[in-house]
Amino acid sequence: MEGRELTRLHLIMRMIVMKILRGTLAAVSAAAMLGLAACSAYSDAPASGAPASSGGTARLAVAVAFYPFEFVAERVGGDQVAVTNLTAPGVEPHDLELTPQQVASLSSVDLVVYQSGFQPAVDTAVAQAKPRASVDTASFLPLLAASQDGAEGDGHTADDGHNHGAADPHTWLDPTNMVTIAEHVRDALSSARPEAAKAFAANTEALVADLTTLDTTLKTDLGSCAIKPFITSHAAFGYLANRYGLTQVGINGVEPDVEPSAARIAEVQKIAKDNNVTTIFFETLVSPVVAQSIAGDLGLKTDVLDPLEGITAESRGTDYLEVMRANGASLKTANQCS
Ligand SMILES: [Zn+2]
């Protein structure tokens, strides 16, 4: 090819690239505008820019990845914040996909609260949208290994659907982790709005008191149990088991939608028989079919343990504290605790 032809080719290529770039920019800003419009349309809380009830300042816009972080952000932020949950009620957060509007909206929020390594779509969105501040709970909470989902010596193999070696993401099911999350959210909000730091500190103190009371209740409920293992469809309760001295046996592992193998079902049934287990637990957001079939074969009861991945009309309580208390009461009955 001659030099002149090369130059022409180069120019054409440049024009094409410029055109694509312009198109992308236009699409991105359109998406951002749509995102802002969508936020104010579907949120019943005042969107960013609306005046807070105390003082005349706008509320801080806080985006959270899923329900437990919404609970913390609302309690700590009070009337200084407008919280948007990226996981709609009733949606399983493990499978979360974000719309381009949701991704774009993150670039205009004051704070994002999420847990890296749990929802890949959120991790990507935070990296892309570059929010003003973020709290990543995985950066300061000690993560348990996902392999703790099975009982000791249950002998399952690497290809049985369990996530061996991966971290268990369900940190929020230990109330003491929620205390740590609240303190980080308090600090981030105080940096974003120093003049409200006293209010954030007082709100956090009240929340920590509630979480400490919950922790005491669960310790009392689960402190002395005749049966230590509990069997659950979705192995979300490793942190709860760890905190209160029980042993979780997960039928499915940490991902809720994996079908257990016949070999795994046989293992779980053996664990149930060997330990006089009374109840097979399933969760609210995922089909109870597997738990019910295992329980039915053994003549066991079924009951709900709620991993707090969302609050719906079927939840046994209206917030984190109430549903955690219901979880404690269910385990207390099933595991014959005194
Ligand atoms: Zn889960």
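This text goes with the structure placed above it.
In this report, we go over the structure that sits alongside the text. (Residues numbered from 1 in each chain as written. Predicted model: local features only at pLDDT ≥ 70, side-chain atom pairs only at ≥ 80, totals over all residues.)

A closer look at helix H10 (residues 320-334)
Within an α-helix, residues lying three or four positions from one another point in the same direction, as the helix has 3.6 residues per turn. In this model H10 runs 21 Å from its N-terminal to its C-terminal C-alpha over 15 residues, within 8% of the 21 Å that 1.5 Å per residue would give. When H10 is considered as a whole, its buried residues turn out to be Tyr320, Val323, Met324, Asn327, Gly328, Leu331 and Ala334. Viewed end-on, H10 has its buried residues packed into an arc of 145°, placing them on one side of the element. (Helix = DSSP H or I, 4+ residues; strand = E, 2+ residues; numbered from the N terminus. Expected span 1.5 Å × (residues − 1). Buried ≥ 20, exposed ≤ 12 C-beta atoms within 10 Å, placed from the backbone. Arc of directions from axis to C-beta.)

Some remarks on the nonpolar core
Ranked by size, the top nonpolar core spans 78 residues in total, and within it Val62, Val64, Ala73, Leu111, Val113 and Val185 carry the most contacts. Looking at this core, the element that brings in the most residues is helix H5 (residues 175-192), giving seven residues. Per-domain counts for this core show at least three residues from each of domain 2 (60-145 + 168-212) and domain 3 (222-334). Filtering out sequence-adjacent residues up to four positions away, Val62 remains in contact with Ala73, Gly77, Val81, Ala82, Val83, Val109, Asp110, Leu111 and Val113. (Core = buried A, V, L, I, M, F, W, Y, C linked by C-beta atoms within 7 Å. Domains from an automatic or database assignment. Contact = placed C-beta atoms within 7 Å.)

Description of the sheet that holds strand S8 (residues 301-304)
Each strand in a sheet pairs with its neighbour through backbone hydrogen bonds, running either in the same direction (parallel) or in the opposite one (antiparallel). If you walk across this open sheet you meet the four strands as S6-S5-S7-S8, and the pairing is parallel. Each having just a single partner strand, strand S6 (247-250) and S8 make up the two edges of the open sheet. Ignoring which end each strand starts from, the neighbouring axes of this sheet average 35° apart. Taken together, the four bridges between strand S5 (residues 229-232) and S6 define a ladder with parallel strand orientation. Residue Ile231 lies in a different strand from S6, and its bridge partner there is Val249. With respect to the sheet, helix H8 (residues 262-274) is in contact with S5 and S6, its orientation differing from that of S5 by roughly 145°. The strands touched by H10 are S5, strand S7 (279-282) and S8; relative to S8, the strand with the most contacts, the crossing angle is about 160°. (Pairing = 2+ DSSP bridges. Axes fitted to C-alpha atoms, helices over the stretch in contact; angles between N-to-C directions.)

Brief notes about unusual backbone geometry
Even without being glycine, Lys130 reaches a positive phi, approximately 50°. Lys130 sits in the exposed class, given 10 other C-beta atoms within 10 Å. The phi dihedral of Asn276 falls on the positive side, at around 55°, and the residue is not glycine. For Asn276, a count of 10 C-beta atoms within 10 Å puts it in the exposed group.

With respect to helix H9 (residues 289-298)
All buried positions along H9 are accounted for by Val290, Ala291, Ile294 and Ala295. End-on, the buried residues of H9 take up no more than an arc of 130°, which puts them together on one face. Away from its buried face, by an angle of more than 90 degrees, H9 presents the exposed residues Val289, Ser293, Gly296 and Asp297. Phi turns positive, to about 70°, at Gly299, one or two residues after H9.

What about the environment of Phe230?
With respect to the secondary-structure elements, Phe230 resides in strand S5. Judged by the 27 C-beta atoms lying within 10 Å of it, Phe230 is buried. Residues Phe230 and Gly250 lie 20 residues apart in sequence; the distance between their C-alpha atoms is 8.4 Å. Look past the residues within four positions of Phe230 in its chain and what remains in contact with it is Leu246, Gln248, Val249, Phe281, Leu331, Ala334 and Asn335.

Remarks on the pairing of strand S1 (residues 60-64)
When you tally the buried positions in S1, you get five out of five residues, the bulk of the element. Going residue by residue along S1, you find Leu60, Val62 and Val64 tucked away on one face and Ala61 and Ala63 tucked away on the opposite face as well. The pairing of S1 with strand S2 (residues 81-85) spans five bridges and is parallel. Across the sheet, the residue bridging to Ala63 is Thr84, located in S2. Between S1 and its parallel partner S2, the chain crosses via helix H2 (residues 67-77), and the hand of that crossover is right-handed. Pairing of S1 with strand S3 (residues 111-114) involves three bridges; the strand directions are parallel. Within the sheet, the bridge partner assigned to Val64 lies in S3 and is Val113. (Right-handed = clockwise from strand over helix to strand, strands pointing away.)

As for the packing of H5 against helix H6 (residues 197-222)
With their axes 9 Å apart at the nearest point, H5 and H6 run at an angle of 175° to one another. Classified by the angle their axes make, H5 and H6 are roughly antiparallel. For the pair H5 and H6, contact is made by Pro175, Thr176, Met178, Val179, Ala182, Glu183, Arg186, Leu189 and Ser190 and by Ala197, Phe200, Ala201, Thr204, Leu207, Val208, Leu211, Leu214 and Asp215, respectively. Across the contact of H5 with H6, the residue classes break down as twelve nonpolar, three polar and three charged. (Parallel < 35°, antiparallel > 145°, perpendicular 65-115°, else oblique. Nonpolar A, V, L, I, M, F, W, Y, C, P; charged D, E, K, R; others polar.)

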